[in-house]
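Spelled out from the first residue to the last, the chains are:
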Amino acid sequence: MAEVTTGVATAVGQPPGVDSESASGNPQQPSPEQRRQARSRLEGAIRSVVGIVLILLQLNVFYDSAAVLQVVVTLLGFFGIATGLSLLISGFLGAKTDAGAVLSAVWLVIVLLFVFAQLFGFHNSLEADFANREQPPKFTTDEPLGTDQLGKSILAQVIRGARVSLLVGVGAVSLGMVVGTVLGMAAGYFRGPIEGGFNVFTDAILAFPALILLFSIVAIFGGGGGSTSEVLKITLALAVLSVPTIGRLARANTLTFAAREFVTAAKAMGAKSSRILFREIMPNVALPLASYAFIVVAVFIVAEASLSFLGVGIDPITSPTWGNMISDGRDPKLLEEAPHIVFVPGVLMFLTVLSLNRIGETLRAYWDPREANL
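A. Representation of the side chain of Ser104. Within the fold, Ser104 resides in helix α5 (residues 99-119). At a separation of 2.8 Å, a polar atom in the side chain of Ser104 contacts the main-chain carbonyl oxygen of Gly100. Not counting residues within four places of it along the chain, the set of residues in contact with Ser104 comprises Ser355, Arg358 and Ile359.

B. Examining the packing of helix α10 (residues 261-268) against helix α11 (residues 273-309) more closely. At a minimum axis separation of 11 Å, α10 and α11 run at an interaxial angle of 175°. As judged from the angle between their axes, α10 and α11 are roughly antiparallel. For the pair α10 and α11, the contacting residues are Phe262, Val263, Ala266 and Lys267 in the first and Ile276, Glu280, Ile281 and Asn284 in the second. Residue classes in the contact of α10 with α11 are distributed as five nonpolar, one polar and two charged.

C. Geometry of the nonpolar core. One finds Val158, Leu238, Ile281 and Ile301 to be the most contacted residues of the largest nonpolar core, which totals 63 residues. Within the residue set of this core, elements represented by two or more residues are α5, α6 (154-190), α8 (210-221), α9 (226-257), α10, α11, α12 (322-328) and α14 (340-373). Sort the elements by how many residues they give to this core and α11 lands first, with 14 residues. In contact with Val158, not counting residues within four places along its chain, are Leu145, Trp322, Met325, Val344, Pro345 and Leu348.

D. Region of interest: the pattern of salt bridges. Within this structure, the stated rule accounts for five salt bridges. Put simply, Arg191, Glu195 and Arg251 are held in one network by salt bridges that share partners.

E. Looking closely at unusual backbone geometry. The residue Arg191 is not glycine, and still its phi comes out positive at about 55°. Here Arg191 is to be found in the loop between α6 and α7 (192-206). Residue class for Arg191 comes out partly exposed when judged on its relative accessible area of 41%.

F. Summary view of the packing of aromatic side chains. Per the counting criterion, the structure on display carries two aromatic pairs. Seen from their ring centres, Phe114 and Phe122 are 5.9 Å apart, and the 50° between their planes marks the pair as tilted. On the basis of an interplanar angle of 85° and a centroid distance of 5.1 Å, the ring pair of Tyr189 and Phe190 is categorised as edge-to-face.

G. Geometry of a nonpolar patch on the surface. Side chains of Val178, Val179, Val182, Leu183 and Phe201 sit close together on the surface and give an oily, nonpolar patch of about 400 Å² of accessible area. In terms of residue count, the dominant contributor to the nonpolar patch is α6 (four residues). The exposure class assigned to Phe201 is partly exposed, which follows from its relative accessible area of 37%.

H. α11, seen in detail. Taking 1.5 Å per residue, 37 residues should reach 54 Å; α11 reaches only 47 Å between its end C-alpha atoms and comes up short. The largest bend in α11 is about 55°, located at Met282, with the proline Pro283 one to four residues further on. Gly311 lies just past α11 and shows a positive phi near 85°.

I. Focus on the environment of Thr256. Mapped onto the elements of the fold, Thr256 is located in helix α9. Taking the C-alpha atoms as reference points, Thr256 and Ile281, separated by 25 residues in sequence, lie 9.6 Å from one another.

J. Quick peek at the packing of α6 against α11. Packing of α6 against α11 leaves a shortest axis separation of 8 Å and a crossing angle of 145°. Read as a crossing pair, α6 and α11 show a hand that is right-handed. Each residue belonging to the contact of α6 with α11 can be placed in one class, and the counts come to 20 nonpolar, four polar and one charged.

K. Looking closely at the confidence of the model for the chain. Per-residue confidence for the chain gives a mean pLDDT of 80, with 88% of residues at or over 70. Counting interchain partners and residues more than four positions distant, the pLDDT-below-50 stretch residues 1-13 has five contacts. Confidence drops under pLDDT 50 across residues 369-374; counting only partners more than four residues distant or on other chains, this segment forms seven contacts.

Each value, and the rule that gives it
- Residues numbered from 1 in each chain as written.
- Predicted model: local features only at pLDDT ≥ 70, side-chain atom pairs only at ≥ 80, totals over all residues.
- Heavy atoms only, no water.
- Helix = DSSP H or I, 4+ residues; strand = E, 2+ residues; numbered from the N terminus.
- Polar contact = N/O pair within 3.5 Å; in protein donor to acceptor, adjacent residues only side chain to side chain.
- Contact = heavy atoms within 4.5 Å.
- Axes fitted to C-alpha atoms, helices over the stretch in contact; angles between N-to-C directions.
- Parallel < 35°, antiparallel > 145°, perpendicular 65-115°, else oblique.
- Nonpolar A, V, L, I, M, F, W, Y, C, P; charged D, E, K, R; others polar.
- Core = buried A, V, L, I, M, F, W, Y, C linked by side-chain atoms within 4.5 Å.
- Buried < 20%, exposed > 50% of the residue type's maximum accessible area, 1.4 Å probe, protein only.
- Salt bridge = Lys/Arg side-chain N within 4 Å of Asp/Glu carboxyl O.
- Phe/Tyr/Trp six-rings, centres within 6.5 Å; stacked < 30°, edge-to-face > 60°.
- Patch = residues over 30% accessible without salt bridge, like charges linked within 9 Å, V, L, I, M, F, W, Y side chains within 5 Å.
- Areas by Shrake-Rupley, 256 points an atom, 1.4 Å probe, with all protein chains shown as cover.
- Expected span 1.5 Å × (residues − 1).
- Bend = angle between axes of the 7 residues up to and from the residue.
- Left-handed = near helix turned anticlockwise from the far one by under 90°.
- pLDDT = per-residue confidence, 0-100.

Take a look at the structure:
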């Protein structure tokens, strides 16, 4: 009987003396992809911890050191955290996951959560506290990002600045998208005099340097009227600047899709021009415009900060923004004694703009194959 068992085991490829149950119970060896993900998770965890340690050292040890040393330590800390989180995402979700896009989306969600939290009373006080002027960032205190030269909370100001920047950026792009898309689609579909007038209009606006034209529009609308009026004024000015580029993008895509078979079939069936434009062409034009919108929002956030930095934007007394916060802290002596006044809003604006650009590029790359197959 033992010989029969041995022969059967040998016939099925098992060594003699090992039954099928013990053979099936052997643990499987990890695949190369699993080993790669494990290494990625380990390296990501190490880099993230090292980055966090460097940031803590900057805040607690090197804060009074030379500015060059502070910048180097801080940049190395952020680099370690960013690359570490990217490796962790790849290790848990797979190598095909776009870690940069995931981190960008998470950052924007965090910014929006802080903005909404401030609306419900979280760090919404902008009162001056001269007894706590220029306090450095400390996560163990009520002011984790420190205070400015007047004793105002940096955290409360950067959240308010995020609200203003997002409101201006999203509002201007929304208005520009509506006007530019309608004009560009009409020019690309009807052609003739409409296209000629559209080209003259866009060429005239693009002929002026963007910053000078923006200053001119802001000056024409006039100053004053409170923070709400100033936000509306800058939003309208940026919306005017966005119409030519958005309109040209809409026109170019309309020219492409107007020659496709589904548009020809709709014309043959007697569909009206309005139906063809808004039911057939617009859904396809909306894809590249949506990805481009994120990039334009990032550009407008920088533009609004530039206006505030130059003193022609929103009044810093009524509503702090990232631009006027950087402008208030640019004094050389203040940069040496309290660099966080400039550094904090600058880093937050950099991360927000980078995240918007990253998401826009990811959407463009994702939607390009779909456009090619239409």
